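Structure at a glance
Each chain is listed here by its residues.
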Amino acid sequence: QVQLVESGGGLVQPGGSLRLSCAASGSIFSINAMGWYRQAPGKQRELVANIITSVGTINYADFVKGRFTISRDNAKNTVYLQMNSLKPEDTAVYYCNGVMTTAWGGPSFNYWGQGTQVTVSS
């Protein structure tokens, strides 16, 4: 079993900053990718940013480029999302995502955290 635990959400004023953290634990053999998605009320879940470990690439959604930075601590199986210059439209539940295997040669599975609320409002 694999667990993803997020922290760091909250209420912030427009222009402010927040840092989200997501720690993965459990029977992890390898991590193929980790990242963040978000879902606003009435909207579909969308990719914010992710790190594809297998090819060493980082992807950002256009709406966060230049404002958000994703990083990862491999030793801690933790991924971070530094969010600067936050806007009201960034308000959403942010979900941590991990694509991982639990055994050598085994298939990859998609895991999700429970979500953390980010509210940008004055």
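Heads up: these notes are all about the structure in this document. (Residues numbered from 1 in each chain as written. Predicted model: local features only at pLDDT ≥ 70, side-chain atom pairs only at ≥ 80, totals over all residues. Heavy atoms only, no water.)

**Regarding the environment of serine 122**
Locating serine 122 in the fold gives a position in the segment after β11 (116-120). By relative accessible area, which is 84% here, serine 122 ends up exposed. Taking the C-alpha atoms as reference, serine 122 lies 7.6 Å from valine 12; in sequence the two are 110 residues apart. (Helix = DSSP H or I, 4+ residues; strand = E, 2+ residues; numbered from the N terminus. Buried < 20%, exposed > 50% of the residue type's maximum accessible area, 1.4 Å probe, protein only.)

**Concerning the state of the cysteines**
In the structure shown here, the tally under the stated rule is 1 disulfide. The residue that forms a disulfide with cysteine 22 is cysteine 96, at a sulfur-sulfur distance of 2.0 Å. Between cysteine 22 and cysteine 96, the disulfide has an S-S torsion of -80 degrees and is therefore left-handed. Remark: cysteine 96 occurs in strand β9 (residues 92-101) and cysteine 22 occurs in strand β3 (residues 18-26); sequence separation between them is 74 residues. On the basis of relative accessible area, cysteine 22 is assigned to the buried category, the value being 0%. Taking the relative accessible area as the measure of exposure, cysteine 96 reaches 0% and is therefore buried. (Disulfide = S-S within 2.5 Å.)

**A word on the environment of tryptophan 112**
Inspection of the secondary structure assignment puts tryptophan 112 in strand β10 (residues 108-112). C-alpha separation for the pair tryptophan 112 and valine 5, spaced 107 residues apart in sequence, amounts to 8.8 Å.

**What about the packing of aromatic side chains?**
By convention here, two paired aromatic rings are described through the distance between centres and the angle between planes. In the structure shown here, the tally under the stated rule is 1 aromatic pair. With centroids separated by 5.1 Å and ring planes inclined at 70 degrees, the aromatic side chains of tyrosine 37 and tryptophan 112 adopt a geometry described as edge-to-face. Within this pair, whereas tyrosine 37 is found in strand β4 (residues 30-39), its partner tryptophan 112 is found in strand β10, the two being separated by 75 residues in sequence. Among the residues examined, tyrosine 37 registers a relative accessible area of 22% and is labelled partly exposed. (Phe/Tyr/Trp six-rings, centres within 6.5 Å; stacked < 30°, edge-to-face > 60°.)

**Quick word on the nonpolar core**
The biggest cluster of nonpolar side chains holds 28 residues, and the ones touching the most others in it are Met34, Trp36, Leu81, Met83 and Tyr94. Elements supplying a minimum of two residues to this core: β1 (2-7), β3, β4, β5 (46-52), β7 (68-73), β8 (78-83), β9 and β11. Discounting chain neighbours no more than four positions away, the residues touching methionine 83 are Gly16, Ser17, Leu18, Leu20, Arg67, Phe68, Tyr94 and Val118. (Core = buried A, V, L, I, M, F, W, Y, C linked by side-chain atoms within 4.5 Å. Contact = heavy atoms within 4.5 Å.)

Keep in mind these numbers describe shape, not what the thing actually does.
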